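Topology and contacts: notes
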Amino acid sequence: MVRKGTRKTVAKTPDIRTVAALAKVSIATVSRTINNSPAVSERLSKRVWQAIEQLKYFPNTHARSLVSGRSRILGIIVENITNPFFPELIQSFEEIAVAHGYEILVSSTNGDPAVLTNCVRRMLERKVEGVAVLSFGAEEPVLDQLVHRDIPMVLAEFRLDDPKVSTILLDYSTGIRAAIKHLIDLGHSRIGFLAGPHKLHSAITRENDFRAAMQDAGLSIQKKCVIECDHTLKGGVAGFGQLQALASRPTAILCSNDMTAIGVLRAAYMAGLRVPDDVSVIGLDDIDFAEFTLPPLTTIRLSRADLARAAFEALRQQAEESGNPKLQREFLVSTSLVVRGSTAAPASSGRS
């Protein structure tokens, strides 16, 4: 049976004149309001925005950029969009940016220099007002392409001596020390570490913080119990296999990220081992999925919301307060331990 459609009469699309007429103000006042001009009083601004909402008017952002000389677009570059950490980070960044009147342009490099070159070109063509390079160690190739074009940037864990470059410092140490203390309190002493790829300075930092925490706790580290993986599920599976092949296996495994840890959960299950009865597992990131693994993953939380907020604020200050001599150049994001169901006392300890 063929359905018969009915054509509805579509109202004429409102324009800036329609908004001005409804708000009983001039077209210039509407334009200034949309462009956040301080010359418009709060009373008039409220009236204009009410008219815009009532008419469902969508301002022409291209025209706005021509008038204001600003694109109000921010770029964000991440390393691997398939890792759930990054989509969650992008979502937080976009929510904050949109709430402040900005749009975002997203690029994922996946470690491919050609992709990186193309994404930087797109950002330059769109005249982004700043770029958050949150690739956690793979940002060096992009720096030359942006710095020499005077584009404000914010980098994660990477300092650059340039007035238009800000840095987000990530305090992994606090969370990792809390994780080691948690395992020691449960009775663990043989603790393995599945590190991230050494091409990422963030992975090296996490491994160094693990070593420092173990040393400060008076625990020895077996060389073979620290294994370089690749921050993927398959990497976690492979790393767990190497640990299982050791004569003296660790009773607990700390992973450089949650994807590695979830890979370990899978590998342990396939090997007929129970987590946490036979081995305890801790991740790092606290991606949304970590709460829904079986068992729920104990992990070190690195807040995407806090990271996104720091990245946006760094770029906002560069875009809106570039002449401020007290411009904040460094932002700190902390970590904390979230205890769930993947950690318990080792079977040999006799604890319940």
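Overview of the structure. Along every chain, residues carry numbers that run from 1 in the direction the sequence is written. Predicted model: local features are reported for residues with pLDDT of at least 70 only, side-chain atom pairs are reported and counted for 80 or more only, and whole-chain, interface and lining totals are derived from all residues. Hydrogens are left out, water is left out, and the side-chain values use all remaining heavy atoms of the structure.

Details of the packing of aromatic side chains
Where we set the bar: Each Phe, Tyr or Trp ring (for Trp, its six-membered ring) is paired with any other whose centre lies within 6.5 Å, and the angle between the two planes then decides the class: stacked below 30 degrees, edge-to-face above 60, tilted in between. Secondary structure elements are defined from DSSP: runs of H or I of at least 4 residues count as helices, runs of E of at least 2 residues count as strands, and each element is numbered from the N terminus. Exposure is judged per residue with a 1.4 Å probe applied to protein chains only, and the accessible area is read against the type maximum: over 50% gives exposed, under 20% gives buried, and values in between give partly exposed. For a lysine, the NZ atom is tested; for an arginine, the CZ atom; a charge sits over a ring if that atom is within 6 Å of the ring centre and within 35 degrees of the ring normal.
On inspection of all chains with the given rule, the structure shows three aromatic pairs. Consider the rings of Tyr102 and Phe312, whose centres lie 5.6 Å apart with planes at 80 degrees: the pair is edge-to-face. Linking Tyr102 in the loop between helix 5 (85–99) and strand 2 (103–108) with Phe312 in helix 12 (residues 304–320), this pair joins segments that are 210 residues apart in sequence. Just as Tyr102 is buried, Phe312 falls in that class too. Each ring, one from Phe193 and one from Phe210, has its centre 4.6 Å from the other, and the planes form 15 degrees; the classification is stacked. Of this pair, Phe193 sits in strand 6 (residues 191–195) while Phe210 sits in helix 9 (residues 201–216); the two residues are 17 residues apart in sequence, bridging distant segments of the chain. You can call Phe193 buried: its relative accessible area is 1%. Positioned over the ring face of Tyr102 is Arg72, at 4.3 Å from the centre of the ring.

Side note on the nonpolar core
In plain terms, the rule: Among buried residues, those of type Ala, Val, Leu, Ile, Met, Phe, Trp, Tyr and Cys that are joined through side-chain atoms within 4.5 Å constitute a nonpolar core. Should any heavy atoms of two residues lie within 4.5 Å, those residues are counted as being in contact.
With 69 residues, the main nonpolar core has Phe93, Leu134, Phe136, Ile168, Ile176, Phe210 and Leu254 as its most contacted residues. Ignoring any residue separated from it by four or fewer positions in sequence, one finds Ile176 in contact with Arg206, Asp209, Phe210, Ala213, Leu254, Leu284 and Ile300. One finds Ile73, Val133, Leu143 and Leu155 within the second-largest nonpolar core, a separate group that totals 17 residues.

What to know about the pairing of strand 10 (residues 298–302)
We count it as follows: In short, DSSP must find at least two bridges between two strands for them to pair.
Burial of strand 10 is extensive: four of the five residues sit out of reach of the surface. As paired elements, strand 9 (residues 280–285) and strand 10 share four bridges and run parallel to each other. Bridged to Gly283 within strand 10 is Thr299. Judged from the four bridges that link them, strand 10 and strand 11 (residues 330–338) form a sheet pairing that is antiparallel. Across the sheet, Arg301 pairs through a bridge with Ser336, a residue of strand 11.

Points about the packing of helix 8 (residues 172–186) against helix 9
Each pair of packed helices gets described by two things: the angle between the helix axes and the distance between those axes. Here is the rule: Angles run from 0 to 180 degrees between N-to-C directions of axes, and those axes are lines fitted to C-alpha atoms, restricted for helices to the stretch in contact. By the definition adopted for this analysis, an angle is roughly parallel if under 35 degrees, roughly antiparallel if over 145, roughly perpendicular if from 65 to 115, and oblique otherwise. The crossing is said to be left-handed when, going from far helix to near helix, the turn is anticlockwise and less than a right angle, and right-handed when the turn is clockwise. Under the scheme applied, nonpolar residues are Ala, Val, Leu, Ile, Met, Phe, Trp, Tyr, Cys and Pro; charged residues are Asp, Glu, Lys and Arg; polar residues are all the others, including Gly.
Where helix 8 contacts helix 9, the two axes come as close as 9 Å, and the packing angle between them is 45 degrees. Compared by their axis directions, helix 8 and helix 9 come out oblique. Between helix 8 and helix 9 the crossing geometry is right-handed. Contact residues: helix 8 offers Tyr172, Ser173, Ile176, Arg177 and Ile180, while helix 9 offers Ser202, Thr205, Arg206, Asp209, Phe210, Ala212, Ala213, Met214 and Asp216. Class assignment for the residues of the contact of helix 8 with helix 9 results in seven nonpolar, three polar and four charged.

Here we look at unusual backbone geometry
Of note, the bond from Val275 into Pro276 is cis; its omega dihedral lies within 30 degrees of zero at 10 degrees. Checked against the element boundaries, Pro276 lands in the loop between helix 11 (258–270) and strand 9. Residue Pro295 is bonded to the preceding Leu294 through a cis peptide linkage, with omega at -5 degrees. Structurally, the position occupied by Pro295 is in the loop between strand 9 and strand 10. Here the phi dihedral of Lys24 falls at roughly 60 degrees; this positive angle occurs in a residue that is not glycine.

Observations concerning the packing of helix 5 against helix 12
Relative to each other, helix 5 and helix 12 sit at 50 degrees, their axes nearing to 8 Å. Taken together, the axis directions place helix 5 and helix 12 in an arrangement best described as oblique. Of the two elements, helix 5 crosses helix 12, and the hand of that crossing is right-handed. For the pair helix 5 and helix 12, the contacting residues are Phe85, Glu88, Leu89, Ser92, Phe93, Ile96 and Ala97 in the first and Arg304, Ala305, Leu307, Ala308, Arg309, Ala311, Phe312 and Leu315 in the second. In terms of residue class, the contact of helix 5 with helix 12 is built from eleven nonpolar, one polar and three charged.

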